[in-house]
Amino acid sequence: MVSLPDFLVRLSPVSDLKAYLKSQQILVDDALKSFLPSVTTRPRAIHQGMRYSIFAGGKRLRPVLTLAAAEACGGDPSAALAPACAVEVMHTYSLVHDDLPSMDDDDLRRGRPTAHKVFGEGMAVLIGDALLTESFTILAQTEPTKRYSLKDFILEFSECGGSKKLIGGQVLDLEGDGQKLTKTQLVRIHENKTAALLTTSLRLGGMTANATPRQLEALTNFGYHLGLAFQVVDDILDVTQSTETLGKTAGKDEAVDKATYPAVLGLEKSKKEAARLTKKALNALPPLGRKGRRLEEIAHSLLDREF
Ligand code: GRG
């Protein structure tokens, strides 16, 4: 395969971001297909459910960030495929459980009926459980590097998914139901949920490239602000886009009186907040040099996204 000289890759126009994202999504989907048990594996119902939820057409943002972070730290993205798939599988578990009637009670996800609508509630709980467990099996296939042992990868990943981050954020979210939250409370929820998973996705990619502590710190700062910006935009899209465009029920947050950025700050201030957070994310990138260019492009594109 002929690859472009490094200087041409660096000078490639931003417009080729679309092609880059598409190619990374295909790479991730192919890897996910080989990592996950086939639909004919017994018991079939659970494996069909796992694949239904994974291959429902998500954006693959988190694994793309893992691969881009590996590149930004001078690594080979193919070495980052196992953690990239692991974060996507953990993310999908959290969506399946978050959609359950006992949580957000959603009927639509990624443009399809949610797992509990198709397979029943009990099976959807198990699909989420199985995806979470499988994410560790996939992560365990990561090659350690000089600075980072397999234990370092596992701790990074498990701490992100655990009771102090993702699950802790979900607890704050549940406790906040039906309450008027302050901006500080809202930020606390999303730094533990969305921002934590985006940050870990980036850090795992950097770790596969044997990132220096300075590079890893840059990815952490970038991920924190990008994750919060992503959530602000997600909340904005819920009130400005259609169900068809989003692939999930539009206007749901407002209908159930959920505390969101537009509800707490208003729509215009939320847009400014998303831009402010994106700028802070971009300001974290200089230690990565020109190799961080893809991450910069991705941050810009997430601010302008429509779904
Ligand atoms: C343990 C149940 C449980 C939850 C953990 C992360 C989390 C907490 C819940 C996820 C549910 C959720 C809606 C979180 C908000 C983050 C977010 C904006 C998710 C949607 O991400 P996209 O837009 O989705 O990247 P796709 O479908 O494209 O992957």
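The following paragraphs examine the structure supplied in this document. (Residues numbered from 1 in each chain as written. Predicted model: local features only at pLDDT ≥ 70, side-chain atom pairs only at ≥ 80, totals over all residues. Heavy atoms only, no water.)

**Considering the overall build of the chain**
(1) Moving on: What the chain contains, in helices and strands, is 17 helices and two strands.
(2) Moving on: Within the chain, the fraction of its 307 residues that count as buried is 49%.
(3) Moving on: Put simply, the chain shows about 14400 Å² of open surface, and 56% of that area lies on carbon and sulfur atoms.
(4) Moving on: The average position of the 39 basic charges and that of the 38 acidic charges among the side chains of the chain differ by 5 Å. (Helix = DSSP H or I, 4+ residues; strand = E, 2+ residues; numbered from the N terminus. Buried < 20%, exposed > 50% of the residue type's maximum accessible area, 1.4 Å probe, protein only. Areas by Shrake-Rupley, 256 points an atom, 1.4 Å probe, with all protein chains shown as cover. Lys, Arg positive; Asp, Glu negative; His and termini not counted. Charge placed at Lys NZ, Arg CZ, Asp CG, Glu CD.)

**Side note on the site of the ligand**
(1) Moving on: Contacts to the ligand come from 19 residues, most closely from Lys 59, Arg 62, His 91, Tyr 93 and Arg 110.
(2) Moving on: Between the ligand and Lys 59, the relevant distance is 2.6 Å, taken from an oxygen atom to a side-chain nitrogen or oxygen of the residue.
(3) Moving on: Arg 62 places a polar side-chain atom, nitrogen or oxygen, 2.8 Å from an oxygen atom of the ligand.
(4) Moving on: A total of 720 Å² of accessible area belongs to the ligand in isolation, and the protein chains cover 92% of it.
(5) Moving on: Mapped onto the shell around the ligand, the elements with two or more residues apiece are helix H5 (81-98), helix H9 (166-176) and helix H12 (213-240).
(6) Moving on: When residues of the shell around the ligand are assigned to their parent elements, the largest contribution, six residues, is made by H5.
(7) Moving on: Looking at the shell around the ligand, its residues break down into five nonpolar, seven polar and seven charged. (Near = heavy atom within 4 Å. Polar contact = N/O pair within 3.5 Å; in protein donor to acceptor, adjacent residues only side chain to side chain. Nonpolar A, V, L, I, M, F, W, Y, C, P; charged D, E, K, R; others polar.)

**Some points on the packing of helix H7 (residues 121-139) against helix H8 (residues 150-161)**
(1) Moving on: The N-to-C vectors of H7 and H8 enclose an angle of 155 degrees; their axes lie 10 Å apart at closest approach. With respect to H8, the element H7 is oriented roughly antiparallel. Remark: the crossing between H7 and H8 carries right-handed chirality. Counting all contacts with H7, which are made through Ser 135, Phe 136 and Leu 139, the residues of H8 involved are Leu 150, Phe 153, Ile 154, Phe 157 and Ser 158.
(2) Moving on: A per-class count over the contact of H7 with H8 returns six nonpolar, two polar and no charged. (Axes fitted to C-alpha atoms, helices over the stretch in contact; angles between N-to-C directions. Parallel < 35°, antiparallel > 145°, perpendicular 65-115°, else oblique. Left-handed = near helix turned anticlockwise from the far one by under 90°. Contact = heavy atoms within 4.5 Å.)

**Focus: helix H4 (residues 61-72)**
(1) Moving on: Spanning twelve residues, H4 covers 16 Å between terminal C-alpha atoms, matching the ideal 16 Å at 1.5 Å per step.
(2) Moving on: Most of H4 sits inside the fold, with eleven of its twelve residues counted as buried.
(3) Moving on: All buried positions along H4 are accounted for by Leu 61, Arg 62, Pro 63, Val 64, Leu 65, Thr 66, Leu 67, Ala 68, Ala 69, Ala 70 and Ala 72.
(4) Moving on: For H4, the elements touching its buried residues are helix H2 (17-35), H5, helix H11 (194-208), H12 and helix H17 (293-303).
(5) Moving on: Once H4 ends, the next one or two residues include Gly 74, with phi positive near 85 degrees. (Expected span 1.5 Å × (residues − 1).)

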